[in-house]
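Fold and contact review
Given next are the chains, with one letter for each unit.
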Amino acid sequence: MTTTTVTEAREARRGFRPRGMIWLVLRQHRVTAWAALGLLTAFLAALVVLRSEMTDYVRAHDLKDACTLTADCRPSEKTLDFFRDNLADPLHYGGIVIEFLPMVVAAFVAGPLIARELESGTYKLAWTQSVSPGRWLAVKLAVPGAAVLAGVSLLAAVYTWTWRQLPVRMAPGQWWFRSYEMIGPVPVAQCLLGVAVGAVAGLLLRRTVAAMVVASLATSLVAGVVLEPLRQKLTGPVTELSREMPGLIGDADDWIVERGMIGRSGGRIPEPDCGVGVSPDECVARHDATGWYLDYHPASHLWPMQWLETGIAVALAVLVGALAFRLVRRQCP
């Protein structure tokens, strides 16, 4: 039996194990990896328990039929308060963790994963052992990228599964808008973008703490300045015209974008300020308007908007990642 055959037989008995740079990255950050896995498991278990409690409560109080199949949902104040305080609010505040994940991912990639090695000079050891700068960076991005795809996808899926159990009319007022960045594929795409932004920040700054801060802020800035304003325009809102002033809640599953008046010339007057105590009719007369308009996204727009934004975020991640590879080839000695 040849040496190659013996080696192959040993590998087959051991099963697949990461080797080379992948093994090194996992070993360097094994404490962080195990901690993240533990937190993920605990969060998933909490979501499963919370969904079970929500299901039991909704079934016991007939809330599903009362609050989603009819337009009139008036549970007792005590029932509503208990559901909101003990079930709906914990779900929402737990989802805020998912909203901050892209910044956490960006900080980890920028600091401990890349900037620390550049700051300490340990990257030179890898480069002197037939590992090119491009391959070094590829592995540095592949490991957190794979973790994001697996972990955040599972987390977002379970959170969405739990979120769907909310009776819509017990959470009125643009309910899916409040949870938009916690559900579906959007948080996964934003975390992938955080991986790419973290790589660029680490390569440019080469200082662990500075890179972590800048990467977090930059990821938040991209989400708040680029993706969020673009979100409302991914799918054109529905416009309703009426003689009466529309409310700002509408149907419980609508996301209200803008309300205002239509002038006699056909122009819009967004949310006119008529002062306190002025009736809607008097407000219309004061602005010489003919009626009101309301722009909103119905629930049917949710998933098309989610997938369109996901595509944009992934495209940005690819572009920023390409910039990182360009930087590592040009700037790293």
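Here the residue numbers are simple positions, counted from 1 along each chain's written sequence. Local features in a predicted model are, by the rule used here, given only for residues with pLDDT of at least 70; side-chain atom pairs are given and counted only at 80 or more, and totals for whole chains, interfaces and linings are based on all residues. Hydrogen atoms and water are omitted, and side-chain values are computed over all heavy atoms in the structure.

**Observations regarding the overall build of the protein chain**
Along the protein chain, the regular secondary structure elements total 12 helices and four strands. Type-normalised accessible area, obtained with a 1.4 Å probe on protein chains alone, sets the label of each residue: buried when under 20%, exposed when over 50%, and partly exposed for intermediate values. A total of 333 residues make up the protein chain; the buried ones form 43% of that total. Within the protein chain, counting contacts between residues at least 6 apart in sequence, those at least 24 apart form 82% of the total. Put simply, DSSP marks the helices as runs of H or I at least four residues long and the strands as runs of E at least two long, and each gets a number from the N terminus on. By definition, residues are in contact when any of their heavy atoms lie within 4.5 Å.

**Focus on unusual backbone geometry**
Located in the positive-phi region is Arg206, a residue other than glycine, with phi close to 60°. Unlike most non-glycine residues, Asp288 shows phi in positive territory, near 50°. Summarising the element assignment, Asp288 is placed in the loop between helix H11 (280-286) and strand S4 (289-297). According to the relative accessible area criterion, Asp288 is partly exposed, its value standing at 42%.

**Re the nonpolar core**
Counting residues in each nonpolar core, the largest one holds 49 residues, and the members touching the most others are Phe83, Ile114 and Leu203. Breaking this core down by element, the ones donating at least two residues are helix H3 (30-60), helix H5 (77-120), helix H7 (133-163), helix H9 (186-205) and helix H12 (302-331). In terms of residue count, the dominant contributor to this core is H5 (11 residues). Remark: nonpolar core denotes a set of buried residues (Ala, Val, Leu, Ile, Met, Phe, Trp, Tyr, Cys) joined through side-chain atoms within 4.5 Å. The next biggest cluster of nonpolar side chains, apart from the first, holds seven residues, and it includes Ala196, Val197, Ala313 and Ala317.

**Some remarks on the packing of H3 against H5**
Structural elements are reduced to axes, namely lines fitted to C-alpha atoms, with helices fitted over the stretch in contact, and the angle between N-to-C directions of any two is expressed from 0 to 180 degrees. Their axes nearest at 11 Å, the elements H3 and H5 cross at an angle of 155°. Considered as vectors, H3 and H5 are oriented roughly antiparallel to each other. Seen along the crossing, H3 lies across H5 with a hand that is left-handed. Where H3 abuts H5, its residues Thr32, Phe43, Leu47, Leu50, Glu53, Met54, Tyr57 and Val58 lie against Thr79, Phe82, Phe83, Asn86, Leu87, Pro90, Leu91, Gly94, Val97, Ile98 and Phe108. Angles below 35 degrees are treated as roughly parallel, those above 145 as roughly antiparallel, those between 65 and 115 as roughly perpendicular, and all remaining angles as oblique. Helix crossings fall into two classes, left-handed where the near helix is turned counterclockwise from the far one by less than a right angle and right-handed where it is turned clockwise.

**Thoughts on the packing of aromatic side chains**
Any Phe, Tyr or Trp ring, taking Trp's six-membered ring, that has another such ring centre within 6.5 Å forms a pair; planes under 30 degrees apart are called stacked, those over 60 apart edge-to-face, and the others tilted. Under the defined criterion, the tally for this structure stands at two aromatic pairs. Taking the centre distance of 6.0 Å and the plane angle of 40° together, the rings of Tyr57 and Phe83 count as tilted. Of the two residues, Tyr57 is situated in helix H3 and Phe83 in helix H5; the sequence distance between them amounts to 26 residues. The rule is short: NZ of Lys or CZ of Arg within 6 Å of the ring centre and within 35 degrees of the ring normal puts a charge over the ring. Just above the ring of Tyr293 sits the side chain of Arg268; from NZ or CZ to the centre is 4.0 Å.

**Topic: the environment of Leu50**
Position of Leu50 relative to the elements: it lies in helix H3. Between the C-alpha atoms of Leu50 and Leu87, which are 37 residues apart in sequence, the distance is 6.9 Å. Excluding anything up to four places from it in sequence, Leu50 contacts Asn86, Leu87, Pro90 and Leu91.

**Quick look at the sheet that holds S4**
As summarised here, the arrangement of the four strands in space is S1-S4-S2-S3, forming an open sheet in which the pairing is antiparallel. Across the chains shown, the open sheet's two edge strands, defined by having one partner strand only, are strand S1 (238-242) and strand S3 (268-270). Strand after strand, the sheet turns through a mean of 30° between neighbouring axes, direction not considered. Direction of pairing for strand S2 (residues 255-263) relative to S3: antiparallel, over a ladder of three bridges. Pairing of Ile262 across the sheet is with Arg268, part of S3. Paired strands, as defined in this entry, are two strands with at least two bridges between them according to DSSP.

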